[in-house]
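Summary of the model geometry
What follows is each chain in one-letter form.
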Amino acid sequence: MTGWHVRNLGDAVLAHDVPVDVQRRFHNCSLALIGSGGAGVMTAGQILLDAATDAGYFGLMTRSTGPQIRGGEAAALVRLGVAPVACQDDRIDLLIALDWGKAERFADEIVLDADSLVIADPDEGEPPEWIIASDAKRFAVSLADLAREHRAARVNTIAVGLAAGLLGLDPESMSTTLRKLFESKGSRLVDGALAGLNAGMAAAAALPAPCRLAPAAPQPRWLLTGNEAVGMGALRGGVRFCAAYPITPSTEIQEWLAARLPQVGGCLVQAEDELASVNMCIGASFGGVPAMTATSGPGFSLMVEAIGLAVATEIPLLVVDVMRGGPSTGIPTKSEQADLGIAVYGTHGDAPHLVLAPNSIGDCLVTTQWAVFLAEALQCPAVVLSDQLMGQARAAITPPPDREWRAERRKAPAGRGNYQRFAETPDGVSPMAIPGTRGGEYTATGLTHMPSARPSAMVADHHRQLDKRRRKLFRFDFGAHWADIEGEGETGLLTWGSTTLAAREAVERVREEGLAVRLVSLRLLSPLDPVKISQALAGINRLLVVEQSHGAQFLRHLRAHCDLPARTQSLAEPGPLALKPGRIAAALRILSLEQAK
Amino acid sequence: MNSEPQLQIQALAHKDYKSAYKPVWCAGCGDFGVLNALTKALAAMELPPEQVALIAGIGCSSRLPAYTRAYGFHGVHGRALPVATGLAVSRPELAVIATGGDGDGFSIGGNHFLHACRRNVNLTYLVMDNAVYGMTKGQASPTTEADWTGSKLAPQGTHQQPFQPLEMALAAGAPFIARAFSNAPNELAHIITEAIQFPGFAFVQVLSPCITFRPEQMHWKKRVHEGFVPTADRREAFMALMDDDGFSTGIVYRAPRECYRPDTAKAVTLAEIAAGFEVVS
């Protein structure tokens, strides 16, 4: 393998990576709210995002917590902008600490510089060493004193006020949002929240603003998480049954569907484990009802045998894996793209199936909807690989389109017997009899079988069924949606999933510097189409493959199927922290220098 | 289906519920008796084959669905109950019957058995219990006696107490619990009928000898005896099981309670759900 890891080259390049671009600070601002778990930083971040969204901005909030249920460290990272915001910035403009409890754990995650502003309560003591070493401008605001002065105000709403004041958010719009959020909790809480907001905004007036947002020009937007978007995509695609077992960070998909499926005539069953949940879905789908489950790595591992069963019995099935740090329990609350291997290659036997990945929060909806359509059309399992970064991020985005993809399974009509469930057809897809259909009775089996479904151990039957199942996927026209191909240039960036978010911003940054880069983000990870990939890479003479996996799983997957340019380099970093755009931009610059040698 | 041909409706005999496939079972296997009794019960109830779904895992007895003319599903080892649950919950109008053996149901699928008992989905579970893994050629199963030394995998016995399926089912909340014997086809067909007609999770342990790996089970026909009197009183059922020698047959517990019912909600359009994401400035 010719690829090398950019991280081995040292940090010299990175130190000068982020030009201080004053213009950009009107375009978007980055904020971190930190504190002990339970201090209310997540609520504060959400209020700020909601209020900014109400005021017409786009925004993104990602959550960083330890695995504790209560306590531990918590950070809400909020980036707001006048245009869509896809990922977090490399650095933070404004950090507000409600307290310093376990704040040392954010040293690698929250990057401050001399232009950053840090606000903390002096009564909370000295900030951790990494804050002092950052050269950020530090200001003391006695949050607890302000809370005492304004009875019923909470420290976290004062922090919201501080942030709103410093970023230049409209006070009227802030008050309206706070009223809306707290009105169900009674007038005392509304008054307290408003008092906190006003106290914070008043305190902000005395401080220098690190970053001020230009006025927003409101456009239609949706506010949602990636996990909610997956749920919506599943409903649009036609999923009407879900069985699931709780697992971080996928549980919100299950919870969202539990409330919505009954509204559209479907249902959700909480299963006893993941072995049960995936098999329940297979049972429902055998009965003709489009079905899905949502899980994360450890649960996905338990489902792999049943995914092979769905391949052999040609049962449509959607499995969403919201990836987290692994293996084993790993880092359940943080992100990684390291389940690609098991999703593509995990099943025993030769078991062709679909693996897809959304590459933005909005695309979580679109790709899930596409996956339902494909699984139903091709009568096979589809795995959708989302991750904690997209799944639990909450964002104001341009509303995703409603595509035409609806579950349309080829079904067998009633007949007079002699039904051939697995009849060989040119496209490999055979009409499926649904229980209740007279004359279509058959026994689906994981045993190798004949076209009639009768079990067989004959060589010819085995080969025919293997060929048929492969043909379904390899003869299908997946159209243009298999990848996003953006921009022109002799330098290429090939990536997938949530890494695309930072990659897009990196490409934009280096383009402004005059380095033209074509970005290719694969949505269809299996089956790979080597012809389409080589067409997408035509004219590219140096390529950066970007992924969040220690073992470069994506690069290995590509190498197994495709010809990549001779000058292909790998930026493969493990989680749990999201790859930042500056990191990718640096790698692109290094790659372009390499070419010039 | 618009193009459904008008078929002549006539009562089906029990042989009409059997497929043309020759079972893989050994001559003399108890499972033949279960297949006969089951098809008899389906015929007696006049259940159209297309309205019946037989769901199985892996093992000798799990091959049963393909030997019928109903819809069938032969899945992976131990997961018959989850597949049956998904089907029964999403298609409640079907008669869903899970079948399998003691290894499939009580060992690898043991967790699903407990939760199926307490979940109480409307389905029937027939376990053909021969206290041995037949398909893998004779290893001890959860219901094997602790001192059985007939297996190469546990040559000195299992060193474990046998699993008590009926007690477990009762403790876990199953509302219908019965035992029958594969060599008593009429009683078995009767109990299967009762189980299918029962509104809820109905569990039937069928003593079904393996004459190949447990030839001593040939003597079961001498040991089996009527004994259980159906009760809806859980305490009485436990008492009956305390007195049980493992060969009493009949329905030991029958206490209908509300079946598992998924959540319901007022109908909402997808556009209305999507509107929940819209930012109203």
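These numbers were taken from a predicted model, which means no experiment stands behind them. (Residues numbered from 1 in each chain as written. Chains lettered and ligands numbered in written order. Predicted model: local features only at pLDDT ≥ 70, side-chain atom pairs only at ≥ 80, totals over all residues.)

**Some details on the packing of helix H1 (residues 31–44) of chain B against helix H6 (residues 185–197) of chain B**
Residues and elements named next belong to chain B. For the pair H1 and H6, the least separation of the axes is 8 Å and the interaxial angle reads 55 degrees. In terms of orientation, H1 and H6 fall into the oblique class. Regarding H1 and H6, the two cross each other, and that crossing is right-handed. Contact residues: H1 offers Gly33, Val34, Asn36, Ala37, Leu38, Lys40, Ala41 and Ala44, while H6 offers Pro185, Leu188, Ala189, Ile192, Thr193 and Ile196. Taken together, the residues that form the contact of H1 with H6 break down as 10 nonpolar, three polar and one charged. (Axes fitted to C-alpha atoms, helices over the stretch in contact; angles between N-to-C directions. Helix = DSSP H or I, 4+ residues; strand = E, 2+ residues; numbered from the N terminus. Parallel < 35°, antiparallel > 145°, perpendicular 65-115°, else oblique. Left-handed = near helix turned anticlockwise from the far one by under 90°. Contact = placed C-beta atoms within 7 Å. Nonpolar A, V, L, I, M, F, W, Y, C, P; charged D, E, K, R; others polar.)

**Brief notes about the interface of chain A and chain B**
Opposite the 57 residues of chain A that make contact, chain B presents 49 residues. By residue number, the principal contributor to the side of chain A that touches chain B is helix H11 (residues 274–286) of chain A, which donates nine residues. Here the residues of the side of chain A that touches chain B are counted per class, giving 34 nonpolar, 12 polar and 11 charged. Inspection of the sheet shows strand S15 (residues 443–445) of chain A paired to strand S2 (residues 71–74) of chain B by three bridges, in the parallel sense. Residue Ala444 of chain A lies in a different strand from S2 of chain B, and its bridge partner there is Phe73 of chain B. (Pairing = 2+ DSSP bridges.)

**Here we look at the environment of Pro581 of chain A**
Residue and element names in this part refer to chain A. Mapping Pro581 onto the fold places it in helix H20 (residues 581–596). Considered as a pair, Pro581 and Asp89 are 492 residues apart in the sequence and their alpha carbons are 6.9 Å apart. Sequence-distant contacts of Pro581, defined by excluding residues within four places in its chain, comprise Cys87, Asp90, Ala502, Glu505, Ala506 and Arg509.

**Some thoughts on the domain arrangement of chain A**
Residue and element names in this part refer to chain A. If you check the domain split of chain A, you get domain 1 (19–204), domain 2 (223–397) and domain 3 (482–596). Once you take the C-alpha centre of each, domain 1 and domain 2 turn out to be 33 Å apart. At the junction of the two partners, domain 1 supplies 15 residues and domain 2 supplies 11 residues. Where the side of domain 1 that touches domain 2 is concerned, the elements lending two or more residues are helix H3 (41–54) and strand S2 (58–65). Element by element, the count of residues in the side of domain 1 that touches domain 2 is highest for S2, at seven residues. Of the residues that constitute the side of domain 1 that touches domain 2, the class distribution is eight nonpolar, six polar and one charged. (Domains from an automatic or database assignment.)

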